[in-house]
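Results of the structural survey
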Amino acid sequence: MREDGKCSLVRDSSLVSRAECPGSPRGTPAFQEWEVQLTCPRQRTLESGLAAIELRVPCARSVFVKQGEVSHQLRQEGDVFRGNPRLAPGEATVFADFGNGWTYDGLLSYHVR
């Protein structure tokens, strides 16, 4: 976020995201560009069932977890999004809407067993 409070992408390649550590969820370029901060869960592999997910996504209008055709909207409190989606085995991807049309940015993904 810029000093004037408006949103902008971060193009500094030296920025290290929290989702780049071994065993962490797989982050995307958008994760860094939008300065996303992952609170939990920080491990790459999750057990199926309820999962507590929380992350800070500046400038996002909404954030959701998608598994196949099923989406779980996360609750917004300022720029923090949290929720307890029920996950099934497979891949679960976190997406955000930044108001750039009908497209959503994938932020990170988990493997659910």
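A brief structural summary. What you see is a predicted model; the values in this text were computed from it and never measured.

**Quick notes on the nonpolar core**
Soluble globular proteins tend to pack their nonpolar side chains together in the buried interior. Of all hydrophobic cores here, the largest spans 24 residues; its most connected members are L55, V57, V63, V94 and L107. Going through the elements one at a time, α1 (29-33), β5 (53-56), β6 (62-67), β11 (90-97) and β12 (105-112) are the ones with two or more residues in this core. At four residues, the largest contribution of residues to this core is made by β12. When neighbours within four sequence positions are excluded, L55 is seen to be in contact with V36, Q37, L38, T39, L74, D79, V80, F81, V94, L107 and L108.

**Some remarks on the pairing of strand β9 (residues 80-83)**
Inspection of the sheet shows β5 paired to β9 by four bridges, in the antiparallel sense. Along β9, the bridge assignment pairs I53 with G83. For strand β8 (residues 75-77) and β9, the ladder comprises three bridges, and the chain directions are antiparallel. Counterpart to R75 in the pairing with β9 is R82. Between the antiparallel neighbours β8 and β9 lie two residues, among them G78 with a positive phi of about 70°.

**Some thoughts on the sheet that holds β5**
Read from one edge of the open sheet, four strands run β2-β5-β9-β8, paired in antiparallel fashion. The open sheet has two edge strands with one neighbour each: β2 (37-40) and β8. The sheet shows a mean angle of 20° between the axes of neighbouring strands, taken without regard to direction.

**Describing the side chain of H72**
Mapped onto the elements of the fold, H72 is located in strand β7 (residues 70-73). Using a relative accessible area of 18% as the deciding quantity, one classes H72 as buried. Polar side-chain contacts of H72 include one of 3.3 Å to the backbone oxygen of R86.

**What about the packing of aromatic side chains?**
In the structure shown here, the tally under the stated rule is three aromatic pairs. Here the aromatic rings of W34 and F98 are separated by 3.9 Å at their centres, their planes lie at 5°, and the arrangement is stacked. Residue W34 is found in the loop between α1 and β2, and its partner F98 is found in the loop between β11 and β12; the two are separated by 64 residues along the sequence. What makes W34 buried here is its relative accessible area of 14%. Their ring planes at 80° and their centres at 5.4 Å tell us that F64 and Y104 sit as a pair that is edge-to-face. Of this pair, F64 sits in strand β6 while Y104 is found in the loop between β11 and β12, placing the two residues 40 residues apart along the sequence.

Scoring rules and cut-offs
- The residue numbers shown here count from 1 along each chain, following its written sequence.
- Local features in this predicted model are restricted to residues whose pLDDT is 70 or higher, and side-chain atom pairs enter the listing and the counts only when it is 80 or higher, whereas totals over whole chains, interfaces and linings include all residues.
- The basis for the side-chain values is all heavy atoms of the structure; hydrogens and waters are excluded.
- For our purposes a nonpolar core is just a set of buried Ala, Val, Leu, Ile, Met, Phe, Trp, Tyr and Cys residues, chained together by side-chain atoms within 4.5 Å.
- Between buried and exposed lies partly exposed: a residue is buried under 20% and exposed over 50% of the maximum accessible area for its type, with that area taken using a 1.4 Å probe on protein chains only.
- We count a stretch as a helix when DSSP gives it H or I for four or more residues in a row; a strand needs E for two or more, and each element gets its number in order from the N terminus.
- In what follows, residue pairs with any heavy atoms lying within 4.5 Å of each other are defined as contacts.
- Strand pairing is assigned whenever DSSP detects at least two bridges linking the two strands.
- Axes here refer to lines fitted to C-alpha atoms; in helices the fit is confined to the stretch in contact. Angles between the N-to-C directions go from 0 to 180 degrees.
- Contacts described as polar in this section are N or O atom pairs within 3.5 Å, which, within protein, must combine one atom able to donate a hydrogen with one able to accept it, while residues neighboring in sequence count only if both atoms come from side chains.
- Classification of ring pairs uses Phe, Tyr and Trp, with its six-membered ring standing for Trp, and accepts pairs whose centres are within 6.5 Å; under 30 degrees between planes counts as stacked, over 60 as edge-to-face, and the remaining range as tilted.

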